[in-house]
Number of protein chains: 2
Amino acid sequence: MSLIEPIVLKGFRDSLPEQEIPKKKIMRALEDQFQSYGFVPIDTPALEYTSVLLGKGGGETDKQIFHFTDNGGREVAMRFDLTVPFARFLAAHNANLALPFKRYHINKVWRGENPQKGRYREFIQCDFDIVGADNAESDFEILSLMDSSFKMLQVGGYTFHVAHRGLFNAFLEFNGIKEHSVEILRTVDKLRKIGKDAVIEQLTEITSSKEKAERICEYIERPENETFEEGIKRLEALAGGENEASIRLTEIHDLLKALGIDEHFILDPSITRGLDYYTGIVYETFLTDCPQIGSVCSGGRYNNLASLYTKEHLPGVGSSIGLDRLLAALEELKSPLLADSSSADIVILHRPGEEKNAMKVARELREKGIKVDVYLTPEKKAKQQYDYAAKNRIRYALSFKEDGSYSLKNLETREITNTTSVSDICSQIAR
Amino acid sequence: MSLIEPIVLKGFRDSLPEQEIPKKKIMRALEDQFQSYGFVPIDTPALEYTSVLLGKGGGETDKQIFHFTDNGGREVAMRFDLTVPFARFLAAHNANLALPFKRYHINKVWRGENPQKGRYREFIQCDFDIVGADNAESDFEILSLMDSSFKMLQVGGYTFHVAHRGLFNAFLEFNGIKEHSVEILRTVDKLRKIGKDAVIEQLTEITSSKEKAERICEYIERPENETFEEGIKRLEALAGGENEASIRLTEIHDLLKALGIDEHFILDPSITRGLDYYTGIVYETFLTDCPQIGSVCSGGRYNNLASLYTKEHLPGVGSSIGLDRLLAALEELKSPLLADSSSADIVILHRPGEEKNAMKVARELREKGIKVDVYLTPEKKAKQQYDYAAKNRIRYALSFKEDGSYSLKNLETREITNTTSVSDICSQIAR
C-alpha cells in the first residue's frame, strides 16, 4: 500500500512542543490576570449557522469564511472571530448572566484569507470584554487589565495609544463633514501604512476641500510630548468645545492617574480602528522594542454590539490580544517568561534492570512537585540518552551508581553531584 | 430590521461560566499531572485534507465527519479525533522529535453523529501517549499517570480494567478460531450492553460451535476476587501456556506492585476495545460511585499507528479521557475540585463617587494574589449588587464606610467585619 503524505493544508500548521509549551504558558498567565480581575471564561461552538455569523443576507457569503452545507442540509460556517459569537451568546443568555458581565474567551478562529508571512488561516484570539456598563470606570477597568497584563508579560516598554470615536465624530460634525465619516475613518486608519501625503490627498477627494483635509490631519497628528490633558484640550478646541466624549476621556485619565498607571497611556487621535461598531474609546498597543510587529492588543467601546440579535441594550468595552503576534514579539524580545520551555525539570536515565528504582525515585520527586521524565528505552546508548535530554531542554539528569546512590548531573554546567537523598536532589533543582 | 434568532446548531452548545470555570480547572489540573510526568503539549489543525484524515479512498466519505470543499477546491474535513492527526503529526515530524515522545493533546473534535443524551457534535478530547518504546516500562508509565490523575481528581473509588489483546489472540489461535478474531472482539466488546446469553448466541454463530462460544466466555469472565496474578495464570492455561503477552502483563503488574499502586488495577479479560489498531494492553476506567457513566478513560498499546503515513516503526501506548463525561461524573460525585466556581474571591461594592477608592483597594488586593471583582454600575440598588455577587458565587463583599474604613461581609454567614487594613481583608479571605 502506498503511503499518504502527512501534509497539512496551506495556511495551517502543527504546533510542536517547543511552540506549544510557551503558548500554553502565556495563555495561562493571561488567564490568571483576567481571573484576578474577576473575568470569567466562556466558550462558543466552532461551527454556527452561516446566517447567524454573517447576518440575514447570507447570499453573498464572504470568501474569507470557511462555510459549507452540512449533512443535514444546514448552511454552516466556522467562526472567523470571537466577537460575533459573543454578541450572539449575549443575546441568547442575557437573562441568565449577572450584569455587568466580564468575560474572556481564548480560542481558535478560522479565515480563508491568503496566508502571508505571520498570517494563518487558523489562529488563536484572546478577547476580554465588560458588557452592561457604559461609564469611565468600565473603560478604565479594561485599560487597567491591559496594563497589568503587559507588565506581567515582561516585554520591555509598551504604549497604549488611546483615542475616542465620539470626540472624532464631534470634530467632524463641527466641521460639517460628518456625512463622510466612514470614508474618513477608513482613510485615517491607513496613516501608518500610506503616510501623511497620501492621506491628505485622499481626504481632499473625500471632503472636496484641501483645507478640511488639512484640518483632519491637524486633529489626528499628536504633537510630540503632548500630554494626555493637553491633548484633550487641543481636540476639544478643534471640535468646538467640551463634550460628552472629552469629559469621558478626562474621567478615564483621572482614574489612570489616581491609580498611578497613566505612564503607559498616550492620547493618540490617529487611532480610529476601522471597524464600524466602535462608539467610544478605541486603543491599540505598541511594543517599544518591537514596533515592526504592529499593534498587539486593541479594542474599544461599542454600545450596540448585540443589536443584530436582541433589542436589549448591551453597552460594552473590550479588547483583543493577537496571541500569535504577541508570541512572536515575546520570542524576539527574549521575554524571561519564555526562558524555560523544557519538558521536565529532570530526566531519569537508567540501565535495563533498574526500571523499578527509576520509577520509585520518579514518584518520590513528583510528589515533591518536581517534573520528572523517565527515559523509557534504557537499552539505548548513553549518547542517545543525553541527546534526548538536550532535545527536550531538560537541565538535570539523574542516574544510579552501583552502590545504590544517585548521580545528579547539571547538563548545562556538566557538574556532577553524588547523593543518597531525594531531598538533596530537590534542593539542587530548586536552586 | 428584524432580529436574527441567536441559536446554535443541533448538537452544539455554548459553555457558560458555570460550566467553563470547572472545565478549565480540570483541564489545568490534568495538564499539571501530564507535565509532572514530562509529557509535552502539541496541537494540530482543526481542519485537514479529507484524504489525510480518512485514508486514500476518500470516495465514501464517512457521514459522521464534517467535510466540505474549501474556496480553493480542496477536500477538507474537521478532525473527528486526536489519534489520526497524531499519527499524521508523528509521520511529519518524526525526525525532529526526541523519542520516546510523550505528548498530550487536549482540544475539540467534531462528529456529525446524531446527538443523544450526553453526546454532542463538538466535544473535547484529552489524549496522552508515549511513542517510540515497546516495553512494560512504557505501558506502566501510562497506567501510573492514569492512577495519579484519578487520585488527583478526587472521584472516590476507581478501577482500571486491564486486558491484553495479544493474550486474547493467543487464546483464539490455540482454539483454532483466530480467523474470526475481528467479529469475536466486536461481540465480546458488547458484553456489558447486551448480556452474556446474547453474546454466547452471537459467538456460537460466528464460531459455528457452542463449545467454543462457551470457552470464549470462560476466558472473558473474571471470577470474583480473582487476583491479577491468578488471572494471568488462568488465561495462560486457556491460551496454551506462557507467551509474550502474558510475560508482558506480569512485568507490568510487577512494576505496579513495586510502586505500591496496584490497588486500583484488575485484570479483566472482557475488555477488548473495539478498535482494530490495538496490539497490546488495553484498558478502561470505571468510577465506583458512578458506574452508569461508563468508562471515563481508556486506551491501549498500538504498534502500527502511523503506518498509513510512514514506514518508520513507531510503537506507542496511550490513553484518552472523555472530558465531558468526566466532568459530568465529577459534578455528580460532588468532587471537592469543583467546589469553588466563583468568578472572584471578593467583590467590591461602592457608591458613585467612590470609584477611585474602589479601584485602589482592588489593586492592592490583586497584588496580594486575591481575585477581585469591582462591581461596575455603582448607581444600582444594593439588592442588585448583592444579587450580582450571588450569581457569580462570590463569597465576600467589601464596601466603604463614611469614615473611610472597610466593611467586609461574608456573604455565606452574613458576618460583617470592620477594618482599615488590606492585610486584614486578605487573612479573612484566606481563612
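Structural notes, computed from the coordinates. In this text the structure is predicted, and so the values were computed from the model without any measurement.

From N to C terminus, chain A includes 15 helices and 16 strands. Taken along the three principal axes of its C-alpha coordinates, chain A extends 90 × 55 × 45 Å. Relative to its 431 residues, chain A shows a buried fraction of 45%.

Note on the chain copies: they are related by a rotation about an axis and a translation along it. Mapping chain A onto chain B leaves a residual RMSD of 0.0 Å; the transformation is a rotation of 180 degrees accompanied by 0.0 Å of translation along its axis. Between the two chains, the operation in question is that of a two-fold axis. Of every C-alpha in chain A, the one belonging to Phe 68 of chain A sits nearest the axis of rotation, 3.1 Å from it. Both copies contact each other with a shared surface, as 99% of the interface residues of chain A are interface residues in chain B too.

Turning our eyes to something else, we now look at the packing of helix H13 (residues 355-367) of chain B against helix H15 (residues 422-430) of chain B. Residues and elements named next belong to chain B. Taken N-terminus to C-terminus, the directions of H13 and H15 make an angle of 55 degrees; their axes are 10 Å apart at the nearest point. Taken together, the axes of H13 and H15 are oblique relative to one another. Note on packing geometry: the crossing formed by H13 with H15 is right-handed. Counting all contacts with H13, which are made through Val 361, Glu 364 and Leu 365, the residues of H15 involved are Val 422, Ile 425 and Cys 426.

Residue and element names in this part refer to chain A. Along its 20 residues, helix H1 (residues 17-36) runs 28 Å from first to last C-alpha, staying within 8% of the 28 Å computed at 1.5 Å per residue. Burial in H1 covers these residues: Pro 17, Ile 21, Ile 26, Leu 30, Gln 33, Phe 34, Gln 35 and Ser 36. Just downstream of H1, Gly 38 is the residue with a positive phi angle, here 80 degrees.

Attention now moves to the sheet that holds strand E14 (residues 396-400) of chain B. Residue and element names in this part refer to chain B. As summarised here, the arrangement of the five strands in space is E13-E12-E14-E15-E16, forming an open sheet in which the pairing is mixed. Of all the strands in the sheet, the pair left with one neighbour each is strand E13 (372-374) and strand E16 (416-419). The average undirected angle you get between the axes of adjacent strands in this sheet is 25 degrees. Where E14 lies against strand E15 (residues 406-410), five bridges are found, and the strand directions are antiparallel. Its bridge partner lying in E15, Tyr 396 is registered against Asn 410. Lying over the sheet, H13 contacts strand E12 (346-348), E13 and E14, oriented at roughly 170 degrees with respect to E13.

Facing 77 residues of chain A, the contacting portion of chain B comprises 76 residues. In the side of chain A that touches chain B, the residues fall into 40 nonpolar, 15 polar and 22 charged.

All names here are of chain A. Direction vectors running N to C along H1 and helix H4 (residues 136-153) enclose 145 degrees, while the axes themselves pass 10 Å from each other. Regarding H1 and H4, the two cross each other, and that crossing is right-handed. Only Leu 145, Ser 148, Ser 149 and Met 152 of H4 make contact with H1, whose side of the interface consists of Ala 29, Leu 30 and Gln 33. Its residues assigned to classes, the contact of H1 with H4 comprises four nonpolar, three polar and no charged.

The rules we used
Residues numbered from 1 in each chain as written. Chains lettered and ligands numbered in written order. Predicted model: local features only at pLDDT ≥ 70, side-chain atom pairs only at ≥ 80, totals over all residues. Helix = DSSP H or I, 4+ residues; strand = E, 2+ residues; numbered from the N terminus. Buried ≥ 20, exposed ≤ 12 C-beta atoms within 10 Å, placed from the backbone. Least-squares fit on C-alpha atoms with pLDDT ≥ 70 in both. Contact = placed C-beta atoms within 7 Å. Axes fitted to C-alpha atoms, helices over the stretch in contact; angles between N-to-C directions. Parallel < 35°, antiparallel > 145°, perpendicular 65-115°, else oblique. Left-handed = near helix turned anticlockwise from the far one by under 90°. Expected span 1.5 Å × (residues − 1). Pairing = 2+ DSSP bridges. Nonpolar A, V, L, I, M, F, W, Y, C, P; charged D, E, K, R; others polar.

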